[in-house]
Amino acid sequence: MEKYAEQIHRCFRCGWCKFTSDYSDLNCPPYRRFRFETYSTAGRLWLVRAWLNGEIGWSERLGEILYTCTACRNCVEQCPMGFASDIVDWIVGARSDMVEKGRIPPRVARFFEAVYGYGNPLKLLRSDRAAWADGTKMYAPGDEYLLYVGCLGSYDENAQKMAKSLVDVFNAAGVSFGILGNDEECCGNEVYMLGEMGLFQTLVEKNNQKFKELGVKKIVTVCPHGYNVMKNRYPALGGSFEVYHYTQLLNDLIKKNKVKPSRNKAKVTYQDPCFLGRYNKIYDEPRQILRSIPGVELVEMEKNRADAFCCGGGSGNFVMDLLAGGEESPARIRVREAYETGVSILAVACPSCLTMFTDAVKTEDLDGKLAVKDISQIVKESLPAKKR
Amino acid sequence: MGEVYETLVQIVGKNYVSNHQEERYFYARDPGLMAPHEPDYVVMPKTTEEVQKIIRLANDTKTPVVPKGAGLALTGLVIPLKGGIVVDMKRMDRIVEVNEGARYVIVEGGVTHGVLKAYLQKHYPHLRHSVPESPPISTVVGNVVIHGQGRLTQQYGFHSDMVSGLEVVLPTGEICKIGSCSVSPYWFSKGPPMPDLSGLFLGWLGTTGIITKMSLKLYPQKKLKDVEVFVTDREDLVPDIVFKITHTEMIEDMGIWSQPRPRMFADNYHLNIFFTGDTEEELEFRRKMVWHALQEYIDSKDGGFMQLPPEMKPTFLDNPQKSMSAFADLRKGGGFEYSGPIIPMELYPSFARKAQELGNKYRVVQNASGRVIQQGHCMMFSFAFTFNRANSEEMERCRKALHEAAEFGLEKGAVLWKPTLYEQKMMLRRMDQNTINLMKKIKQLLDPNGIMNPGNWEVE
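Residues numbered from 1 in each chain as written. Chains lettered and ligands numbered in written order. Predicted model: local features only at pLDDT ≥ 70, side-chain atom pairs only at ≥ 80, totals over all residues. Heavy atoms only, no water.

Peer 1: Is there a simple way to explain helix α13 (residues 246-255) of chain A in this structure?
Peer 2: Since the α-helix packs 3.6 residues into each turn, any two residues three or four apart lie on the same face. Residue and element names in this part refer to chain A. Summarising burial for α13: 8 of the 10 residues are buried, a large majority. Considered for burial, the residues of α13 that qualify are Tyr 246, Thr 247, Gln 248, Leu 249, Leu 250, Asn 251, Leu 253 and Ile 254. Just past α13, the residue Asn 257 takes up positive phi, approximately 65°. (Buried < 20%, exposed > 50% of the residue type's maximum accessible area, 1.4 Å probe, protein only. Helix = DSSP H or I, 4+ residues; strand = E, 2+ residues; numbered from the N terminus.)

In structure tokens:
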């Protein structure tokens, strides 16, 4: 990331990054939303270079162009160049530069202020973080897993349902786990992606210290964003634990017959979250869970797995929502695509996707026609009544 | 200028007009080596009627207009040399109609080759169009307007030869149909049996109007594909080899390439020969016909077929080819440009030698390649040079190499494909004066205010 300024000129602006792997559709969320070349990966990289070279000055629009990138990694999948895997690092590097220079859009600044002051980007009280938990056991040394709920799971009304369902399913399966409650703090994934490296380091060090003090050996996350940062960034800053996304653990529980879903007749499609799929190649487990439920018919959207279209919530946009405002906003496009498959349920495995799509379903007037549910909710509904 | 902006907003909506520094910066340049020049506005219309209103506004205010597809010609053809309005066509992205029986498709002006290819694969798997090797974001219309070429060019000619109808917004604002669609609901012919007016727009680089719809011929999509690579170390034999292969009428496409790196490729000339067929028997028959045609070169040890490992074949068969774009990063620098002389086959040896000479002389990484056009009537040769965008001195050497390549090409009898501004001027200096006068008359008639992509094909 540090060397992005010396590498960024390598983008040829060939545009492969805009597409799915079969070129059937545009798959870069901000380019799809705004359509100016400037909002594509190439546009962003060329503009950043121009800014670094002094050919253009900073402007709020330049900042927004940089921050509308959801870091979904579609460009990384499609770019034909040898540097493909570095592209998101370059974006993050440029954001980090802007943060250091104090030149960021107001919505980004508010995001950082909220995390700094409240431990979450939603600017809600730390003392309310576990208000959803309602008797959920606190983590204690000896518990097998720490359930890391994350900011959305703790505060967002829809994502709270997701967290509650997961707790119920884990309890029904006899999983040994606990939560941190009000002691939990932002995981830092979005803070990292948005380029606030000082705040990120502080968050990680605090969390790592907490995990160490409690003797945490295994963490299971509700959110793919938290999973990603704990798996790929925490170890370099002293983290020493195993980390799983809940779909991995849940799939394992089903395979071991510790969770036995009963019949739940439904046609379902599934949204691959970027931080689970493209970032960490977890494509099969969520699908295996859905297919394990008798009566569930899984119908794929045309763009799936590494070609999945991002919900538009990545890089803090589930709060900042820089891609909102029109029928070409990514979440609205994606719920239309889900609805076109003829399903009644759009299954997700990420609280960001859940909240983005829940809003989009309302805007698209699909209420009552397409339900957005987390996989944990679908599994919970499939459990025999006494097990729920 | 505020009035122009406000009117553009009224036409397409404020989300699709920009006069911000960011869009002016990006749309001022392409990935090649031409100097940038900023537009005053970038606008993205959705309909033909919106394009018409933009053109009328431009006439009223004498504002230059530059239509733009993906801007991947690399030769600066969409750089707004005199400012004005860049019309980014990519929101006009509807595939309007496929006539399966007559094998044509009507697309709007911003449909990309990638989307069209995927659409046909899904909905009409027995039909295909000629896909260029440029990235899939390149637009069908943009590619045709520069007389592009692709995987079916060896069989059917330049992509402009595959056009079967146009809808054009003229520089004075009229919406005009060209070809059979001007008298019939069918878009099967761009002219015959009537006067072929498509030539007023094809090859003019957007200086005579904006193509808002285009009908393009489709061709049978065969079930099987294969590729063989024939290698010779004698460039002087290449024209004869091509002649013998094309005589068989057995192949789909043929590309010829040479490059000094990696070392295993140096001093050899590679002919990628593509085959298609509906059965293995058909494919094998085609291969055998070509093998027989080349037997004499194998016997004389002047050439032979390269053993391609099966895992390498998909890379060769890809269309478009990602590896073409990856050439831009050979110098870890995000740049390449090529001069593309169209030449008779007999000139290939001297051009291949010249490419090597230029690479050595200017110390630049070069690739010389060519695609056979319509059974060998001619070929598109490419002097391609890659450069590091962060190294201005290397970029200058590439510019000089390209300039010398263009001069050499014209001297030898080539015509330059998608010419840069200076290559256009070089050709105009050599062009028959009556031809120049005719071009001038046509341009003045169609574009009396000189608003369309000014600077290009400008006769002084």
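From this point, the discussion proceeds with the structure in view.
Peer 1: Can you help me understand the packing of helix α3 (residues 41-52) of chain A against helix α4 (residues 60-67) of chain A in this one?
Peer 2: Describing two packed helices takes the angle between their axes plus the distance from one axis to the other. Residues and elements named next belong to chain A. The interhelical angle for the contact between α3 and α4, taken along N-to-C directions, is 140°, at an axis separation of 10 Å. By the angle between their axes, α3 is oblique relative to α4. Seen from above, α3 lies across α4 with left-handed handedness. Two secondary-structure elements touch here, α3 through Arg 44, Leu 47, Val 48 and Trp 51 and α4 through Leu 62, Ile 65 and Leu 66. Counted by class, the contact of α3 with α4 contains 6 nonpolar, no polar and 1 charged residues. (Axes fitted to C-alpha atoms, helices over the stretch in contact; angles between N-to-C directions. Parallel < 35°, antiparallel > 145°, perpendicular 65-115°, else oblique. Left-handed = near helix turned anticlockwise from the far one by under 90°. Contact = heavy atoms within 4.5 Å. Nonpolar A, V, L, I, M, F, W, Y, C, P; charged D, E, K, R; others polar.)

Peer 1: Got a minute to help me understand the side chain of Glu 167 of chain B in this structure?
Peer 2: Relative to the assigned elements, Glu 167 of chain B resides in strand β8 (residues 163-169). Setting aside anything within four residues of it in sequence, one finds Glu 167 of chain B in contact with Thr 48, Ile 175, Cys 176, Lys 177, Trp 187, Ile 210, Ile 211, Thr 212 and Lys 213 of chain B.

Peer 1: It is not clear to me how the packing of aromatic side chains should be interpreted in this structure. Could you clarify?
Peer 2: Remark: the centre distance and the inter-plane angle together describe each pair of aromatic rings, the angle taken between the planes. Per the counting criterion, the structure on display carries 29 aromatic pairs over all chains. With centroids separated by 5.2 Å and ring planes inclined at 75°, the aromatic side chains of Phe 327 of chain B and Phe 336 of chain B adopt a geometry described as edge-to-face. Overall, Phe 327 of chain B belongs to the buried group, its relative accessible area being 12%. Looking at Phe 336 of chain B, the relative accessible area reads 9%, which means it is buried. An aromatic cluster is present here, built from Tyr 269, Tyr 348, Phe 351, Phe 381, Phe 383 and Phe 408 of chain B joined pairwise through their rings. Its end group placed over the ring of Trp 46 of chain A, Arg 13 of chain A keeps NZ or CZ at 4.6 Å from the ring centre. A cation over an aromatic ring shows up here: Arg 91 of chain B above the ring of Tyr 16 of chain B, its NZ or CZ 3.4 Å from the ring centre. (Phe/Tyr/Trp six-rings, centres within 6.5 Å; stacked < 30°, edge-to-face > 60°. Lys NZ or Arg CZ within 6 Å of the ring centre and 35° of its normal.)

Peer 1: Explanation requested: the sheet that holds strand β1 (residues 17-18) of chain B in the structure shown.
Peer 2: One key point about sheets: their strands pair by backbone hydrogen bonds, in either a parallel or an antiparallel sense. Residues and elements named next belong to chain B. Strand order in the open sheet formed by 4 strands is β1-β2-β4-β3, with mixed pairing between adjacent strands. The sheet is open, and its two edges are formed by β1 and β3 (65-68), each paired on a single side. Relative to strand β4 (residues 85-88), strand β2 (residues 41-43) runs parallel, the two being bridged by 3 bridges. In the sheet register, Val 43 faces β4, and the bridge partner there is Val 87. (Pairing = 2+ DSSP bridges.)

Peer 1: Would you mind going over the packing of helix α7 (residues 238-248) of chain B against helix α8 (residues 280-299) of chain B with me for this structure?
Peer 2: All names here are of chain B. It is at 9 Å that the axes of α7 and α8 come closest, and there the two elements cross at 155°. By the angle between their directions, the pair α7 and α8 is classed as roughly antiparallel. In the packing of α7 onto α8, the handedness of the crossing is right-handed. In this structure, α7 uses Asp 240, Ile 241, Lys 244, Ile 245 and Thr 248 to contact α8, whose residues at the interface are Met 289, Val 290, Ala 293, Leu 294, Glu 296 and Tyr 297. Looking at the contact of α7 with α8 residue by residue, the classes come out as 7 nonpolar, 1 polar and 3 charged.

Peer 1: I'm lost on the interface of chain A and chain B in this one. Help?
Peer 2: The extent of an interface is frequently quoted as the accessible surface area lost upon association of the parts. Across the contact, 42 residues belong to chain A and 48 residues belong to chain B. Between chain A and chain B, the buried area comes to about 3,800 Å², and carbon and sulfur atoms account for 63% of it. The largest share of the area that chain A buries against chain B comes from Phe 12, Arg 13 and Phe 36 of chain A, three residues that together contribute 20% of it. Our enumeration of links across chain A and chain B arrives at 6 salt bridges. (Buried area = accessible area lost by both parts, 1.4 Å probe. Salt bridge = Lys/Arg side-chain N within 4 Å of Asp/Glu carboxyl O.)

Peer 1: What should I look at first to understand the nonpolar core in this one?
Peer 2: A general tendency of soluble globular proteins is for nonpolar side chains to be buried together. Residues Leu 147, Phe 170, Phe 211, Met 230 and Ile 375 of chain A are the most contacted members of the largest nonpolar core, which totals 204 residues. If near-sequence neighbours (up to four positions away) are discounted, Phe 170 of chain A is found in contact with Leu 147, Val 175, Phe 177, Val 220, Tyr 246, Leu 249 and Leu 253 of chain A. Core analysis: the next-biggest nonpolar cluster, separate from the first, contains 43 residues, Ile 343, Leu 358, Tyr 362 and Phe 383 of chain B among them. (Core = buried A, V, L, I, M, F, W, Y, C linked by side-chain atoms within 4.5 Å.)

Peer 1: Help me understand the layout of surface pockets, please; the structure alone is not making it clear to me.
Peer 2: Rolled over the atoms, a probe sized like a water molecule indicates the empty space that remains. If you add up the space inside the second largest pocket, you get close to 1,200 Å³. What lines the second largest pocket is a set of 43 residues, and nearest its centre among them are Ser 24, Asp 25, Leu 26, Arg 32 and Glu 337 of chain A. If you list the elements that add at least two residues to the lining of the second largest pocket, you get α2 (29-34) and α16 (330-340) of chain A together with α4 (113-123) of chain B. Looking at which element gives the most residues to the lining of the second largest pocket, the answer is α4 of chain B, with 6 residues. Among the residues making up the lining of the second largest pocket, the classes are represented as 11 nonpolar, 11 polar and 21 charged. Viewed by domain, the lining of the second largest pocket spans two of them, domain 1 (2-88) and domain 2 (95-220) of chain B, each represented by three or more residues. (1 Å grid on protein atoms, 1.4 Å probe; cavity = no way out; pocket = protein on both sides within 12 Å on 5 of 7 lines; lining within 4 Å. Points joined across faces, edges and corners; volume = space filled by probe spheres on them. Domains from an automatic or database assignment.)

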